[in-house]
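Single-letter residue listing:
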Amino acid sequence: MGRKLFLFLGILASSLLASLAGAEPVRVAVIDAPVDYTHGDITPYLDHETLERIRVRGGRITNPADRDGTTSLGEYNAAAMARAIQALDPALYEEQVRVLDLLTRQSAKEKLSEEDQAFLRSIRYKLMLNGRYRAQLNTLGTALHGTHVAGMVVDQLDPERVRLVSYPFLDVAGSRVAAGRATLRERLLTRLMGNGCSGGVVCAPQGVVVDYLKHNAMGLLQGLMAAVTDPARLEQQMRESTRQHYGQLSLMLQQGGVRVANMSLGFGLSMSLESALRSVGFLSRILFRDAITRMITVIMRVQQEELRRFFAENPNTAFVVAAGNDSVDVARPGDYHSAAVDGPNVLTVAATNFNGQLAEFSNVSTQSVEIAAPGVVVRSARAGAGESRDRVSMSGTSMAAPIVTNRVAQILSENPEFTPQQAIRSLLENHTVILSDLKKSINGGRWMLPRSLVGQVSGEVAQIEGHNQESYMAHGSCQDALTPAPSASNVVEFSPAPRGGSEKAVEFYAEAA
């Protein structure tokens, strides 16, 4: 009791000191697919001043003083969100949202109602035989991804102390292909790169690859030829393109004073190569297998090296990164996986179910992956829902990472003097429990729950050990969750945000449309 009281008073004192000092709100960036600013769970947290101050021209961030021919970052995001929605079939939108939600829940072995089961049976032939319908579902998943993540990032935080910015870090070729409005070159590039990642993880480097190949004189063929005849030149060009791409992110972080960034990365050699070879067809696999293998090997190695450089060049930002959804150990030599990149300001997150058991799809590593959080059937904000605050279920390490981002932002808002390294250390030491089973898969076996799940976990939690259990419980993070609640739902439901701020968000969206 005395220890808990001491911890509580310490947090209270820290909060009062921060308030008296007039501490700046903690800015959190969602680097992902576009975010729907009009959703009622998100609008109260928008940092309108920063979204207006950061200027974009031709998709690239410029000097904040440059107003000639530029748009604000807020308008740029809203336009990207509008394009993503427009790429979908309006007549099928609500149906496909329901399909995505039910398939997510079904894959997690959740018992569906008779009505929901009958609905899935009624559209089973579409899912089996209609390739365009399946492509639209994939596009929908991307369109919903950023908003879903943003809803979790700000869950139950104080909007006066934590503010949200977003940066749409995706190429739209995939959406245009699904909508049937892509150019021949975009279709070829999308076929070669596949989804860029698997399992629904948004893959920022896909935009780098598409951008590089699309803007070279011979595009795709030049990339393949260079991989065989002049790999050094290909590497140099790829490095310049990648560095420029990550440079855009650095500008956004620095101009916005971003202290925490949530990133859903997911690239690696084996997954990208498999996707590319599967996509190009049997004859092309025979003719171009060596060239494709060499090209993607160069691309992935450069991507990983430049990602490591990017993290190191932004030491004032804490990066929370999704581990990816390929059920692999990302530390495999020569795979150049994004989740294998670590650093003192980087925290990579695996996914579990609500009982602390590793999700079947989650990537792992006992070296670079240091924490896990629930990422199975997570309900959060749905793009296009507006103030109705409708939600949708999604699964993935992309759903686990923002739970951790949320807690890092909370720690920094209560301790504004903390560095990213101190905030990460505080989270690992004071806001997690160690699960014996997880120690076999991730470094340290640490696990945490969102505040929304307190008292809502059913089933047995894996054996807990470690010195930080008492501290974790003292912070009120999951003391009730550690005692199973038999009647509770197996769904993480994120709580409604405070009202307010929607007028400016609607203005962003309306101007973009």
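Residues numbered from 1 in each chain as written. Predicted model: local features only at pLDDT ≥ 70, side-chain atom pairs only at ≥ 80, totals over all residues. Heavy atoms only, no water.

## Describing helix H7 (residues 131-153)
Selection rule: Put simply, DSSP H or I for four residues or longer makes a helix, DSSP E for two residues or longer makes a strand, and each gets a number counted from the N terminus. In this scheme, a helix's expected span is set at 1.5 Å multiplied by one less than its residue total. A residue's bend is given by the angle between axes fitted to the 7 residues ending at it and the 7 residues starting at it. Here's how the labels work: a residue is buried when its accessible area is under 20% of the maximum for its type, exposed when over 50%, partly exposed in between, all with a 1.4 Å probe on protein chains only. Whenever two N or O atoms come within 3.5 Å, that pair is a polar contact, provided that in protein one can donate a hydrogen and the other can accept it, and provided that, for residues adjacent in sequence, both atoms are side-chain atoms.
Taking 1.5 Å of rise per residue, 23 residues should cover 33 Å, and H7 covers 33 Å from first to last C-alpha, within 8% of that figure. Along H7, the sharpest kink reaches roughly 35°, centred on His145. Among the 23 residues of H7, 17 are classified as buried, and the element is accordingly described as predominantly covered. The N-cap of H7, judged by a side-chain oxygen 2.9 Å from the amide nitrogen of Tyr133 a few residues on, is Asn130.

## Digging into the confidence of the model for the chain
Here is the rule: pLDDT expresses, on a scale from 0 to 100, how confident the predictor is about each individual residue. The contact criterion used throughout is that any non-hydrogen atoms of two residues lie within 4.5 Å.
In this model, the chain carries an average pLDDT of 75, and 70% of its residues clear a pLDDT of 70 or more. Low pLDDT, under 50, characterises residues 191-218; the predicted model gives this stretch 88 contacts beyond four residues in sequence or across chains. Ignoring residues within four places in sequence, the model shows residues 454-513, a span with pLDDT below 50, making 158 contacts including any to other chains.

## Digging into the nonpolar core
Inclusion rule: Only buried residues count toward a nonpolar core, which is a set of Ala, Val, Leu, Ile, Met, Phe, Trp, Tyr and Cys residues joined through side-chain atoms within 4.5 Å.
Grouped together as the largest cluster of nonpolar side chains are 104 residues, with contacts concentrated most on Met252 and Val404. It is helix H14 (residues 282-312) that contributes the most residues to this core, 10 residues altogether. For Val404, the contacting residues outside a window of four places in its chain are Val320, Leu347, Val349, Ile371, Ala373, Leu427 and Met448.

## Quick look at the sheet that holds strand S4 (residues 71-72)
Worth spelling out the cut-off: Strand pairing requires that DSSP identify at least two bridges connecting the strands.
The three strands are arranged S3-S2-S4 in an open sheet whose pairing can be described as antiparallel. Each having just a single partner strand, strand S3 (60-61) and S4 make up the two edges of the open sheet. The pairing of strand S2 (residues 55-57) with S3 spans two bridges and is classified as antiparallel. Of the residues in S3, the one forming a bridge with Arg57 is Arg60.

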